[in-house]
Structure formats: C-alpha cells, structure tokens
Amino acid sequence: MTDGRPGITEIPGGPAIRRAALRDLEAIVAIHREGFAGYRSSLLGVTFLNTIIGWFITSPEAAALVVFHDDRPAGFVYGAPTGYAGRLNRFVLPTAALSLLRRPWLLFHPEILKGIPAKARLLAGPRRSDHGAAPGRAVFSLVGIGVASAFRGLGLAGRLMTAFEEEARRMGFEKLRLSVKRNNQAAINAYLKAGWVREERESSSDLWVYVRDLAPRTGEAGMSFPQV
Ligand SMILES: CC(C)(COP(=O)(O)OP(=O)(O)OC[C@H]1O[C@@H](n2cnc3c(N)ncnc32)[C@H](O)[C@@H]1OP(=O)(O)O)[C@@H](O)C(=O)NCCC(=O)NCCS
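Residues numbered from 1 in each chain as written. Predicted model: local features only at pLDDT ≥ 70, side-chain atom pairs only at ≥ 80, totals over all residues.

## Examining the overall build of the protein
Within the protein, the regular secondary structure consists of seven helices and eight strands. With 228 residues in all, the protein has 33% of them scored as buried. Partitioning the intrachain contacts of the protein with sequence separation of at least 6 by distance along the chain shows that 72% fall at a separation of at least 24. (Helix = DSSP H or I, 4+ residues; strand = E, 2+ residues; numbered from the N terminus. Buried ≥ 20, exposed ≤ 12 C-beta atoms within 10 Å, placed from the backbone. Contact = placed C-beta atoms within 7 Å.)

Structure representation (structure tokens):
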C-alpha cells in the first residue's frame, strides 16, 4: 500500500515508514545529531555519521527504516545482525582516524577514551558474537533509534520499533537485542512499552541490554518495507 509517493509504505492507521535510502541520509544524520549530542558518534562529526549510517542504509545485511510525519522525515531506526560490529568498525576506521586527526583533542574526551579498548578488540579479530549474544540464535541488533524532538511523544518510536521487528522477522531473525544507557529513561520506557525485557546478565557499567523474542508469524507473509 502506498501514499502516492513511490516507495513509501503506509502502515494502516499510522505514519508512513519505508526502508531508508541514501537521499534520507542528511535528514537522518540531523535527527541523530540532535538526539545523540555528546555521544561518541556525534563527536566524531558529520562525515563520520554519514559513513556509519550510510553503512546501515546500504549494507545488504543491515536494515534502516525512516518514518515520516507531515511528509517530513521524523525519525529512524537501524540495525544489523549481531557480529556486525567488527565489519562495521573496519569499514569506518579510515573515516574515524581522519576525524580524530582533525579533532585531536577528542583523544582526551572521556566518551572517546572509554570506547577505545572495545574498538581495538573488535578491530583485532572476529568475535563469537557482539555483546555476548547467545550462540546459535539468529539475533538482530537494534543499533540506533531516534525521533526528531519536534515529533516526540506521538508514538513514532513505537511505530518504528514495530516496523523494525517486522523487518527483522521477515529477514529470518528470531530475536532482537539492543543496549541503552542506564540513564536514558525515555528510551527504556519506550522499549518496555514495546515489549522488550532486560537481560539479567550484567552488561557494561553504564549500559543495559534489552532483548525481544520474535514469535514466528503464522499465516501471512508479513509486511515488507521496500528499498527505494
Ligand atoms: C527515545 C525516543 C526515540 C522516543 O521517541 P518517541 O517517538 O517520543 O516515543 P513514543 O512517542 O513512541 O513513546 C513511546 C513510549 O516511550 C516512553 N517515553 C517517550 N518519551 C518519554 C520521555 N520523555 N520520558 C519518559 N518516557 C518517555 C513512554 O513510555 C511512551 O509511551 P506513552 O506515550 O504511552 O507514555 C526519543 O525520545 C529520542 O529520539 N531520544 C533521543 C535518542 C535516543 O535516546 N534514542 C535511544 C537510544 S538507545
């Protein structure tokens, strides 16, 4: 079902959601910078964000969705199968290095310093899985979700998560996983409302891990969000 524009999927009774395309990158990066100001990825600058989010949009293993409100991009969600982090880090390494060369003071920024050991481990070699995901299950990571501040509180994150779930299930995954800063109560409430549960296992000191089992669909084939 479309709303008249090619490639936009209209969820019955809800906003338009479709697979993100590179032409959405500028809007997604702007929403990302607003929602994740002070996070490592934002500190590294727009070129770095273009590279990393561009990877989620174009990589065949990943999924990126964009939601529209009043015909404007209002939010995004993206993710990839667990195990993606090593490949992504190798892909973005040259851009990250260039970003740091341009902003050497960031090497002393606590957010950047904190991430260096994990990044070094990822670059050193493949891991059994990211974030210690249980082996043998097809687990898809929700890596980033954000809604522009002007459109928050309208249920768009909830719609994005439902659409993301559908897409992961359609791609053959059985479980979703994400990590969230422990002090990000708005996001935690949104995940709880969408049916995610916290893993009992300890994650890193300032992060919680949430998971969601994807019950197989019975009968229908499920929605698909067109790549345009
Ligand atoms: C977290 C975020 C994506 C929520 O987007 P949203 O579209 O406003 O969320 P929704 O309207 O779908 O709300 C779903 C639920 O989330 C919770 N929630 C949303 N905003 C909240 C807030 N400011 N405070 C507390 N709970 C909040 C509520 O439980 C809400 O359900 P309710 O409206 O029935 O109470 C948005 O605040 C955002 O982009 N934040 C910055 C980026 C970020 O932190 N992303 C997550 C990183 S892991």
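The discussion continues.
## Digging into the pairing of strand β8 (residues 207-213)
Pairing of strand β6 (residues 175-181) with β8 involves seven bridges; the strand directions are antiparallel. Counted as the bridge partner of Leu 176 is Arg 212 from β8. (Pairing = 2+ DSSP bridges.)

## So, the nonpolar core
Ranked by internal contacts, the top residues of the largest apolar core, which has 53 residues, are Ile 53, Ala 64, Leu 65, Phe 76, Val 77, Tyr 78 and Leu 160. Among the elements that line this core, the one with the most residues is helix α6 (residues 156-170), at seven residues. (Core = buried A, V, L, I, M, F, W, Y, C linked by C-beta atoms within 7 Å.)

## Some remarks on the packing of helix α4 (residues 84-102) against helix α5 (residues 110-124)
It is the contact of α4 with α5, at a shortest axis distance of 8 Å, that shows an interaxial angle of 100 degrees. The angle between α4 and α5 falls in the class roughly perpendicular. Contact residues: α4 offers Ala 85, Gly 86, Asn 89, Arg 90 and Leu 93, while α5 offers Lys 119, Leu 122 and Leu 123. Grouping the amino acids of the contact of α4 with α5 by side-chain chemistry returns four nonpolar, two polar and two charged. (Axes fitted to C-alpha atoms, helices over the stretch in contact; angles between N-to-C directions. Parallel < 35°, antiparallel > 145°, perpendicular 65-115°, else oblique. Nonpolar A, V, L, I, M, F, W, Y, C, P; charged D, E, K, R; others polar.)

## Things to note about the site of the ligand
For the ligand, the set of nearby residues contains 20 residues, the closest of which are Gly 35, Arg 152, Ala 157, Ala 186 and Ala 190. Counting residues per element, the ones that place at least two in the shell around the ligand are β5 (139-147), α6 and α7 (185-193). In terms of residues, the shell around the ligand owes the most to one element, α7, which gives six residues. Here the residues of the shell around the ligand sort into ten nonpolar, eight polar and two charged. (Near = placed C-beta within 6 Å.)

## Details of the environment of Leu 65
Residue placement: Leu 65 occurs in strand β3 (residues 63-69). Counting along the chain gives 13 residues from Leu 65 to Tyr 78, while the straight-line C-alpha distance between them is 6.3 Å.

## Digging into helix α1 (residues 25-35)
Turning to α1, its buried residues are Leu 25, Ile 28, Val 29, Ile 31, His 32 and Gly 35. Within α1, the buried residues cover an arc of 160 degrees as seen down the axis, which keeps them to one side. Summarising the contacts, the buried residues of α1 are in contact with α2 (40-43), α3 (46-58), β3, β4 (72-81) and β5. (Arc of directions from axis to C-beta.)

Distances and angles like these do not, on their own, reveal function.
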